[in-house]
Amino acid sequence: MAVADDSPSDVARILISSQRSPMTYLSTAKRHLQQHGSVHITALGTALSSLVTLSEVLKNSKLVDEVKLTTCLEHFKDEFSDRQKPKMDIMLTKSAAFDEIMAEEAKKQNDHAGADPQ
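Residues numbered from 1 in each chain as written. Predicted model: local features only at pLDDT ≥ 70, side-chain atom pairs only at ≥ 80, totals over all residues. Heavy atoms only, no water.

## Points about the pairing of strand 3 (residues 64-77)
Then, in step 1: The sheet contact formed by strand 3 and strand 4 (residues 82-94) spans 13 bridges and is antiparallel. Residue pairing across strands places His 75 opposite Gln 84, the latter belonging to strand 4.
Then, in step 2: Linking two consecutive strands that pair antiparallel, namely strand 3 and strand 4, is a turn of 4 residues. (Pairing = 2+ DSSP bridges. Helix = DSSP H or I, 4+ residues; strand = E, 2+ residues; numbered from the N terminus.)

## Focus on the environment of Pro 22
Then, in step 1: Among the structural elements, Pro 22 can be located in the loop between strand 1 (12-15) and helix 1 (26-36).
Then, in step 2: Separated by 25 residues in the primary sequence, Pro 22 and Ala 47 place their C-alpha atoms 9.1 Å from one another.
Then, in step 3: Those residues within four positions of Pro 22 in sequence are excluded, and the remaining contacts are Ser 50, Thr 53 and Leu 54. (Contact = heavy atoms within 4.5 Å.)

## So, the packing of aromatic side chains
Then, in step 1: The tally for this structure, following the rule as stated, stands at 0 aromatic pairs.
Then, in step 2: Directly above the ring of Tyr 25 sits Arg 20, whose terminal nitrogen or CZ lies 5.0 Å from the centroid. (Phe/Tyr/Trp six-rings, centres within 6.5 Å; stacked < 30°, edge-to-face > 60°. Lys NZ or Arg CZ within 6 Å of the ring centre and 35° of its normal.)

## A few points about the nonpolar core
Then, in step 1: Residues Ile 16, Ile 41 and Leu 58 are the most contacted members of the largest nonpolar core, which totals 23 residues.
Then, in step 2: For this core, the elements supplying multiple residues, two or more each, are strand 1, helix 1, strand 2 (38-44), helix 2 (48-60), strand 4 and helix 3 (98-114).
Then, in step 3: For this core, the element with the most residues is helix 2, which contributes 4 residues.
Then, in step 4: Not counting chain neighbours up to four residues away, the residues in contact with Ile 41 comprise Ile 14, Leu 51, Leu 54, Ser 55, Met 88, Asp 89, Ile 90 and Leu 92. (Core = buried A, V, L, I, M, F, W, Y, C linked by side-chain atoms within 4.5 Å. Buried < 20%, exposed > 50% of the residue type's maximum accessible area, 1.4 Å probe, protein only.)

## What about the sheet that holds strand 1?
Then, in step 1: Read from one edge of the open sheet, 4 strands run 1-2-4-3, paired in mixed fashion. Pairing within the sheet leaves two strands with one partner each, and these edge strands are strand 1 and strand 3. The sheet shows a mean angle of 20 degrees between the axes of neighbouring strands, direction not considered.
Then, in step 2: With 7 bridges connecting them, strand 2 and strand 4 associate as antiparallel partners. (Axes fitted to C-alpha atoms, helices over the stretch in contact; angles between N-to-C directions.)

## Quick look at the environment of Leu 26
Then, in step 1: Tracing the backbone shows Leu 26 in helix 1.
Then, in step 2: Once residues lying within four places of it in the same chain are set aside, the contact partners of Leu 26 are Leu 54, Val 57 and Leu 58.

Rendered as structure tokens:
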């Protein structure tokens, strides 16, 4: 589930789940980039591949620049077991071409919305 974290640094945070397609987070990431200028995406365990996919789609579309990538092992301990899961955080910021690309996408959507169905 995507969650925005309005921290003092004004960076939005998206928590990636392995239960959803990486593409479901694409519009959320774009919206947070427009509002905040940067987005911090995080995943744990099996959701890492979705995180990497989302990041690569945004980078290959020339919408973002990768600022920071961190990895670690998160420790989970309860009364029955002591487990570790890999965790990855990626900080992305708007690229120089972000606003231009988003304006082109908005224009295409408006052109399609205004077209008469035949």
